[in-house]
Amino acid sequence: MEVSLKTRDDAVHLFLDIIRPLKPLYSPGHAFLHVGDAGVHYGEKSARMEGFARVMWGLGPLWSADNSKLPVETQKEISDWLEWYRDGIIHGTTPEDEEYWGDMFDFDQKMVEAPAVAFSMLLNSKALWEDLTEKQKRNLYGWLNQINQYDMPKNNWRYFRILTNVAFRLLGLSWSKENTEEDFEIVEQCYIGDGWYCDGSLGQVDYYVAFAIHFYGLVYSRLMEEEEPERCQVFKDRSAQFFHDFVYWFANDGVELPFGRSLTYRYAHCGPFVGMAYAGLDLDYGVLKNLVLRNLESWVRRPIFDNLGALTIGYGYPNIAMSENYNSCGSPYWSNKAFVMLGLNDDHPFWTAEPKEYPYEPKKYLKHPHMVITHDENNHLLAYVTGQHCRGDHGQSAAKYEKFVYSNQFGFSISKGDSLESGAFDSTLAFSRKGEDRYCMRYGIMDFHADEKSLTTVYSPLNGVEVTSTVVPCSPWHVRVHQIKNQEAIEIADGGFALPQEQCFHVMPGKATGRFEAKDIHKTKTGVFAGFPWGCSGIVSETGERAELEIPFANTNLFYNLTVIPMVKAELEPGTHLVVTSVAGDFYKDWESLLADKPAVEIGETEVTVTYKGETVKVDIG
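Everything numeric in this text was worked out from a predicted model, so none of it was measured.

Let's shift gears to the nonpolar core. Residues V55, Y85, F243, W249, F273 and M341 are the most contacted members of the largest nonpolar core, which totals 189 residues. Looking at which element gives the most residues to this core, the answer is helix α10 (residues 207-224), with 14 residues. Once you skip the residues sitting within four places of it in the chain, V55 turns out to touch F15, I19, L22, Y26, L33, Y85, Y333 and N336. The next biggest cluster of nonpolar side chains, apart from the first, holds 19 residues, and it includes F529, L594, V610 and V617.

So this is what it looks like as structure tokens:
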């Protein structure tokens, strides 16, 4: 789907285009949405309720705003959706109804979905509250209020209860002040400074900081500004501070950084920018508008919908292998957080502003996510990462947090097995016992250090193997210095960027078409380059190891279903070893010009010296 978004009208029509194919997938009473049959840990009934609720993050705000200037047929479609969902809510909250959503219990998934119902009810109180019968009101309130009666995780989930109680409070219903204060105390414990929170493991910093904690705090600030101005101002100030770091996870063409879990929520990741406008933050609305609309455009041009028009589990295309244990077929509709912007009338500064690009620094160090991020003139964003670890393995956690570098153009790959082909070890160093052909990348760290010049990680990928890897960013290049101590013989493979085997029309319009040929693979004395007409990826060994092109399993990369990965490989006998590689990827340079731009690397007895564009970085190997 190719769209050009400029106005609220454009966004309304895109949202309706996205949800319209879902109509045949609702249950007869409209309380459940059955998108597909892939399983999820909380079961099918909750999954179908989840799908129903997540559409409301867009519908609720849409219903609440002024739609009188839209075409008559569009206004009717919006009204039809309101009646559709009013029926669904009534059926879903009536205990004796066959479409009753079910009672809540401790750590229940339905708690996650309750605030979408409560938020929509609050924004559209006449249709979704006042016009209900007394029995229907008792049922709806009783179902939602169960969230106050059960336990939940001590993380972003607490906002689900906070927002539900906000709806009760503003509608004049009984609400739990005790739970709300407890929940805010837990949210406060997640705050780590400079506008950043963590969610999950200590030090695990991902999109949940943005589309969960900040987003919900901003919605709260919009709703509760008069009742709790001081608390709301704290949330606004933190989000404004967070903006100047988080914006570096996006390029001016809207394409975001793929990193961490819950990537299947896709354009929910621009939701915090919507929340900043929704809460009235003092930021440049032209920049916010550009980030949000370009992000949406970038997503809908990718094949993220199935042939019937439903969003799929996956990222750049349908790919259940990259999902988490908590992803149902309805889960991707949390993306609709981006459409909270439909709750802003078309005369709001967000809509009247002219889109404006953000003036990115070419290189910026982000302290709390331990990232050095670079931006170039072609909207290529590279995030060099250390210090990240997701202790709860929700699915592919090592690949999602612990690679050396993440790219918004090359994506990253997940593993479907242990061999080099099935493991798809791009942007990481993989290890196997010699002769076993069972490779793994690091999972967990012993120590790390990061600054603007380099990032160092100390880890043990296998028992008896200790590694210190230092990455020196020189975008589009970077240099990796690996110091390896191994007590028994091992094999290693250092992977570069995964490059698509075929030209992808939805991502690279105007580029040459077709699939790569043997003539597109270029070997040098110390390296290998995939120099395809649509892009280039290469790797060079600075310490004499062999360089080869690996063709991984299909559907391992998050952006491209077929890829190649340049790799440096070696067998290491027991001892201490130094392995140094230079790695690069660029969709806008041919392989020869990319190679000509390689950093200079000098290896001495006690240090490795990297020189690039007049800057020198020394890595201690003593």
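Attention shifts here to the packing of aromatic side chains. Enumeration according to the criterion identifies 62 aromatic pairs in this entry. For the pair Y406 and F412, a centre-to-centre distance of 5.2 Å together with 85° between the ring planes defines the contact as edge-to-face. Classification of Y406 as buried rests on a relative accessible area of 0%. On the basis of relative accessibility, which here comes to 0%, the residue F412 falls in the buried class.

The next subject is the sheet that holds strand β15 (residues 527-532). If you walk across this open sheet you meet the eight strands as β8-β9-β10-β11-β19-β16-β15-β14, and the pairing is antiparallel. Both edges of this open sheet fall to β8 (447-450) and β14 (521-523), since each of them pairs with a single strand only. In this sheet, neighbouring strand axes are inclined to one another by 15° on average, regardless of whether the strands run parallel or antiparallel. Note: strand β11 (residues 477-486) against strand β19 (residues 575-586), 10 bridges, orientation antiparallel. Across the sheet, residue I484 finds its bridge partner in β19, namely H577.

Of all the 10 residues making up strand β18 (residues 563-572), nine are buried; the element is thus mostly covered by neighbouring parts of the structure. Sheet topology note: the strand β12 (residues 490-495)/β18 ladder contains six bridges and is antiparallel. Along β18, the bridge assignment pairs A493 with K569. In this structure, strand β13 (residues 499-500) lies alongside β18, joined through two bridges in antiparallel fashion. When the bridges of β18 are listed, L499 appears paired with V564. Across five bridges, the pairing between strand β17 (residues 546-550) and β18 is antiparallel. Looking across to β18, one finds that R546 is bridged to K569.

Cut-offs and rules
Numbering of residues starts from 1 in every chain and runs along the sequence as written. Local features in this predicted model are restricted to residues whose pLDDT is 70 or higher, and side-chain atom pairs enter the listing and the counts only when it is 80 or higher, whereas totals over whole chains, interfaces and linings include all residues. As a convention, hydrogens and water are excluded, and side-chain values are obtained from all of the structure's heavy atoms. Buried Ala, Val, Leu, Ile, Met, Phe, Trp, Tyr and Cys residues that are joined via side-chain atoms within 4.5 Å together make up what is termed a nonpolar core. Relative accessibility under 20% of the residue-type maximum defines a buried residue, over 50% an exposed one, and the middle range a partly exposed one, all with a 1.4 Å probe and only protein chains included. For helices the rule is a DSSP run of H or I covering at least 4 residues; for strands it is a run of E covering at least 2, with both sets numbered from the N terminus onward. The contact criterion used is simple: two residues touch if any of their non-hydrogen atoms lie within 4.5 Å. Paired rings are identified among Phe, Tyr and Trp, the last through its six-membered ring, by centres lying within 6.5 Å, and are further divided according to the angle between planes into stacked (under 30 degrees), edge-to-face (over 60) and tilted (the rest). Note: two strands are recorded as paired if DSSP finds a minimum of 2 bridges between them. Under this scheme, a helix contributes an axis fitted over its contacting stretch, all axes are lines through C-alpha atoms, and angles between N-to-C directions fall in the 0 to 180 degree range.

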